[in-house]
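As a plain string of letters, each chain reads:
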Amino acid sequence: MAGRLNPWRWVVLGLAALYFLVPLAASVVFTVDVPGQGVTFDAYTQIVSADGFTSSLVLSLELAAATIAVVLLLMVPAMVALRLGAPRLRPVVEVICSLPLVVPPIAFVAGIATVLKWGPDYLSRTPLFETFVAIQNPDFPFILVLAYVVMALPFVYRALDSGLRAIDVKTLVEAARSCGAGWPQALVRAVLPNLRGALLNASFLTLALVLGEFTVAQLLGFQPFAVWIYSVGGSNAQLSVAVSVLSLVVTWALLLTLAGVGGRDRTAPSRG
């Protein structure tokens, strides 16, 4: 039976490869084939010197780092506490964390914009007005971090839940506590090292989300990397596609690096 299924497996894998690689190859051809000039890589050499490339990329990476830090600081203690003290609430938390998947981004950003309008309309004479202004600073719009944390909840929850299912959290915490460790020490020294793979998966998914998110940033008037790619496309289509191809390749490289790190983490104990 296994021998008869092998050819079909290769057929499915081949079709999947064509589905992903043919559009990518067409994009690469579009960026290097210039009518009247032949093959040229000017679109790729112009990326670094393009106006706004460095600032938008740095902003997206800063937003990604802040989002990863906030969402992990929020979800890891909550998931561990849920596992230890209130396992019956797990379905409720799962539903709450899955809500961003069913809320359209347009509706989500419309709600954010409505809340932000409360600042000048109702809070102009209160200390909260300065907070509303600060989180909308174009140099680092923290409001995008808050929005991305909500959007990343479904992916982070799934990654951490899978990691916590693979270890005995209660035994680890009780062992650490019996050795005199406090709750923070038990979490940092006993639980987190065993969640390294789950943390890496959650971080990568959040990074991919932030680098590719367009709707919220565009409608709120900020210009991270995805919005910059869209704006460049209006004046230089080849440059825009070249940046998209490059960002896709970098994302794949990060995924392969993450898979390699996770694989070494899983095989390290067996070698010891």
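Residues numbered from 1 in each chain as written. Predicted model: local features only at pLDDT ≥ 70, side-chain atom pairs only at ≥ 80, totals over all residues. Heavy atoms only, no water.

### What to know about the overall build of the protein
Helix and strand content of the protein: 13 helices and 2 strands. Principal-axis analysis of the C-alpha atoms places the extent of the protein at approximately 75 × 75 × 35 Å. Within the span of the protein, comprising 272 residues, buried residues form 33% of the whole. Partitioning the contacts of the protein with sequence separation of at least 6, the portion at a separation of at least 24 is 75%. Of the accessible surface of the protein, which amounts to about 16300 Å², a share of 68% is contributed by carbon and sulfur atoms. Treating the 16 positive side-chain charges of the protein as one cloud and the 13 negative ones as another, the clouds have centres 18 Å apart. (Helix = DSSP H or I, 4+ residues; strand = E, 2+ residues; numbered from the N terminus. Buried < 20%, exposed > 50% of the residue type's maximum accessible area, 1.4 Å probe, protein only. Contact = heavy atoms within 4.5 Å. Areas by Shrake-Rupley, 256 points an atom, 1.4 Å probe, with all protein chains shown as cover. Lys, Arg positive; Asp, Glu negative; His and termini not counted. Charge placed at Lys NZ, Arg CZ, Asp CG, Glu CD.)

### Re the confidence of the model for the protein
Looking at the protein as a whole, the pLDDT averages 83, with 90% of positions reaching at least 70. Across the protein, helix H7 (residues 142-165) holds the top mean pLDDT of 93, while helix H13 (residues 237-271) sits lowest at 69. (pLDDT = per-residue confidence, 0-100.)

### Concerning the packing of helix H3 (residues 53-85) against helix H10 (residues 196-212)
The geometry of H3 relative to H10 is characterised by a closest axis approach of 9 Å and an angle of 140° between their N-to-C directions. Classified by the angle between their axes, H3 and H10 sit oblique to one another. In this structure, H3 crosses over H10, and the sense of that crossing is right-handed. Counted together, Ser60, Leu61, Leu63, Ala64, Thr67, Ile68, Val71, Leu72 and Val76 of H3 and Leu199, Ala202, Ser203, Thr206, Leu207, Val210 and Leu211 of H10 form the full contact between these two elements. (Axes fitted to C-alpha atoms, helices over the stretch in contact; angles between N-to-C directions. Parallel < 35°, antiparallel > 145°, perpendicular 65-115°, else oblique. Left-handed = near helix turned anticlockwise from the far one by under 90°.)

### Brief notes about the packing of aromatic side chains
Throughout the structure, instances matching the rule amount to 5 aromatic pairs. Ring geometry for Tyr19 and Phe20: centres 5.3 Å apart, planes at 90°, overall edge-to-face. Under the relative-accessibility criterion, Tyr19 is labelled exposed at 62%. Note on Phe20: relative accessible area 53%, which makes it exposed. Among the aromatic side chains, those forming a connected cluster through ring pairs are Phe53, Phe225 and Trp228. (Phe/Tyr/Trp six-rings, centres within 6.5 Å; stacked < 30°, edge-to-face > 60°.)

### Looking at the nonpolar core
Within the largest apolar cluster, 53 residues are counted, with the highest numbers of intra-cluster contacts made by Leu72, Met75, Leu144, Val156, Leu160 and Leu220. For this core, the elements supplying multiple residues, two or more each, are H3, helix H5 (105-122), H7, helix H8 (169-178), helix H9 (183-191), H10 and helix H11 (215-220). Ranked by the residues each element gives to this core, the list is headed by H7, at 14 residues. Each residue touching Leu144, except ones within four places of it in the same chain, is listed here: Leu63, Val216, Ala217, Leu220 and Phe222. Core analysis: the next-biggest nonpolar cluster, separate from the first, contains 11 residues, Ile47, Phe53, Phe225 and Val243 among them. (Core = buried A, V, L, I, M, F, W, Y, C linked by side-chain atoms within 4.5 Å.)

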